[in-house]
Amino acid sequence: MQFSVYQQTHIGGRKVNQDRMGYSFTRDALLLVLADGMGGHLAGEIAATIALQTMSMMFRMQAKPYVKKPERFLEEALIQAHWDILAYAEKHKLPETPRTTVVACLVQHNCAVWAHCGDSRLYWVRRSQVLARTRDHSHLEHLIERGRATEADRNTHPDRNKLWNCLGAGQAPKIELSRQASLEPGDTLLLCSDGLWSMLPETEIVHRLSTSTIVQAVPDMVAMAAAIGGARADNTTALAITWQGADAKGAGSPGVISTQMLPEDEVSSTIIAGQPLPAGAAAADAFDEDEIERAIAEIREAIEKSSQLLK
């Protein structure tokens, strides 16, 4: 199994980056996750971090070296992340439960299946065509589906930011699953937060992914979206892979990860805690569990300081 991967985030005009992204892989399976903590609620970054941590942990438990039932895995992992967020809020007596949107994709055996909750998106692009993309769980999307709003309303409609589905809410989330998608070498999968897709037309996203490598396209799109948003720009995050197949050649090329030689029980994980990568980085260095725990500890400390200032 071989693929190229690149991920990047930009804080935009916000004080805190509440976006989180990461990937985990074994010899035969790859998990991609992107979560966008909801800024209208306390500590959305904690909810997003927990979502990635829970899914990464469950992937390590079940990918031996691949996940037996991918659709069930995605649904159960996202539901577990929801309950982990609620448990965290209860344990730390937060006045409000943190919330996050999320999109996750599992790739194995030359097939991809994805799930999402909220308005974090996945695009599947092949030869300058969007073969599939997730549909936002928003009030505006509901209106568009029923003919009460148009595609042209996406950037101006007053209800464009109103979501009816997320992790961490009082009601259990609705997990929307895709069908199995058969991948071909050269296919690109892009996971992104609304900070990116709300600023860039779909035609621009497709153009960038089709005419540049993801190592070029991802940072260019993130920078462009942040620039368009200006001082009011949202957190902007993207994680993309270009699939090269189970038996592709070229493992020595820059940015290409080959899992052919990994032992069956070895899992490599990457979780980026909302920090931008250096220019040109391939994002292949793995964060261990201690680093994840330190990131969460820093978030807790920041919340405690904020609470003290508000007293």
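Note that this is a predicted model, so its numbers are computed, not measured. (Residues numbered from 1 in each chain as written. Predicted model: local features only at pLDDT ≥ 70, side-chain atom pairs only at ≥ 80, totals over all residues. Heavy atoms only, no water.)

Caption draft 1: Here's a closer look at the nonpolar core. Membership of the largest hydrophobic core comes to 33 residues, with the highest contact counts inside it found for Leu31, Met55, Phe59, Phe73, Leu74, Leu106 and Leu167. Sorting the residues of this core by element identifies β3 (29-37), α1 (44-62), α2 (70-91), β4 (100-108) and β5 (111-117) as the ones contributing at least two each. Counting residues per element, this core draws most heavily on α1, which supplies 9 residues. Counting residues in each nonpolar core, the second largest holds 25 residues, with Ala112, Trp114, Leu122 and Ala181 among its members. (Core = buried A, V, L, I, M, F, W, Y, C linked by side-chain atoms within 4.5 Å. Buried < 20%, exposed > 50% of the residue type's maximum accessible area, 1.4 Å probe, protein only. Helix = DSSP H or I, 4+ residues; strand = E, 2+ residues; numbered from the N terminus.)

Caption draft 2: Region of the structure containing the pairing of β4. Of all 9 residues that make up β4, 9 are buried, and the element is covered over most of its length. One ladder, built from 9 bridges, connects β3 with β4; its direction is antiparallel. Pairing of glycine 37 across the sheet is with threonine 100, part of β4. Bridge count for β4 against β5 is 7 bridges, and the pairing is antiparallel. Residue pairing across strands places glutamine 108 opposite cysteine 111, the latter belonging to β5. Adjacent in sequence and paired antiparallel, β4 and β5 are bridged by 2 residues, among which histidine 109 carries a positive phi angle near 55 degrees. (Pairing = 2+ DSSP bridges.)

Caption draft 3: Structural view of the sheet that holds strand β7 (residues 129-133). If you walk across this open sheet you meet the 6 strands as β7-β6-β10-β11-β1-β12, and the pairing is antiparallel. The open sheet is flanked by β7 and β12 (256-258), the only strands paired with a single partner. Taking each pair of neighbouring strands and ignoring which way they run, the sheet shows an average axis angle of 25 degrees. For strand β6 (residues 121-126) and strand β10 (residues 188-192), the ladder comprises 5 bridges, and the chain directions are antiparallel. Bridge pairing links valine 125 to threonine 188 in β10. Helix α5 (residues 202-211) contacts β6, β7 and β10 of the sheet and is inclined by roughly 55 degrees relative to β6. (Axes fitted to C-alpha atoms, helices over the stretch in contact; angles between N-to-C directions. Contact = heavy atoms within 4.5 Å.)

Caption draft 4: Highlighting the side chain of threonine 134. Here threonine 134 is to be found in the loop between β7 and α3 (139-145). The buried category is assigned to threonine 134, whose relative accessible area is 4%. The residues contacting threonine 134, other than those within four sequence positions of it, are Trp114, His116, Ser120, Arg121 and Leu122.

Caption draft 5: Quick look at α5. Looking only at α5, the buried set comprises Ile205, Val206 and Leu209. The buried side chains of α5 occupy one side of the element, clustering within an arc of 95 degrees when seen end-on. Seen from the buried face of α5, the exposed residues on the opposite side, beyond 90 degrees, are Thr203 and Thr211. Contact partners of the buried residues in α5: β6, β7, β10, α4 (194-197) and α6 (214-229). (Arc of directions from axis to C-beta.)

Caption draft 6: Structural context of the packing of α1 against α2. Direction vectors running N to C along α1 and α2 enclose 135 degrees, while the axes themselves pass 8 Å from each other. It follows that α1 is oblique to α2 by the angle criterion. Taken as a pair, α1 and α2 cross one another with a handedness that is right-handed. Residues Ile46, Ala47, Ile50, Ala51, Thr54, Met55, Met58, Phe59 and Gln62 of α1 form the contact with α2, whose participating residues are Phe73, Leu74, Glu76, Ala77, Leu78, Gln80, Ala81, Asp84, Ile85 and Tyr88. Residue composition of the contact of α1 with α2, by class: 14 nonpolar, 3 polar and 2 charged. (Parallel < 35°, antiparallel > 145°, perpendicular 65-115°, else oblique. Left-handed = near helix turned anticlockwise from the far one by under 90°. Nonpolar A, V, L, I, M, F, W, Y, C, P; charged D, E, K, R; others polar.)

Caption draft 7: Structural view of the packing of α5 against α6. The contact between α5 and α6 brings their axes to 9 Å, and the two run at 150 degrees. Taken as axis vectors, α5 and α6 run roughly antiparallel relative to one another. The handedness of the crossing between α5 and α6 is right-handed. In this structure, α5 uses Glu204, Ile205, Arg208 and Leu209 to contact α6, whose residues at the interface are Ala217, Asp220, Met221 and Met224.

Caption draft 8: A look at the pairing of β6. Of all 6 residues that make up β6, 6 are buried, and the element is covered over most of its length. In this sheet, β7 lies alongside β6 in antiparallel orientation, the contact comprising 4 bridges. If you follow arginine 126 over to β7, its bridge partner there is glutamine 129. Hairpin connection from β6 to β7: 2 residues lie between these consecutive antiparallel strands, with arginine 127 at a positive phi of about 45 degrees.

Caption draft 9: Focus on the environment of serine 128. Along the polypeptide, serine 128 turns up in the loop between β6 and β7. Separated by 82 residues in the primary sequence, serine 128 and serine 210 have C-alpha atoms spaced 5.3 Å apart. In this view, serine 128 contacts Val206 and Ser210; residues no more than four positions away in its chain are not counted.

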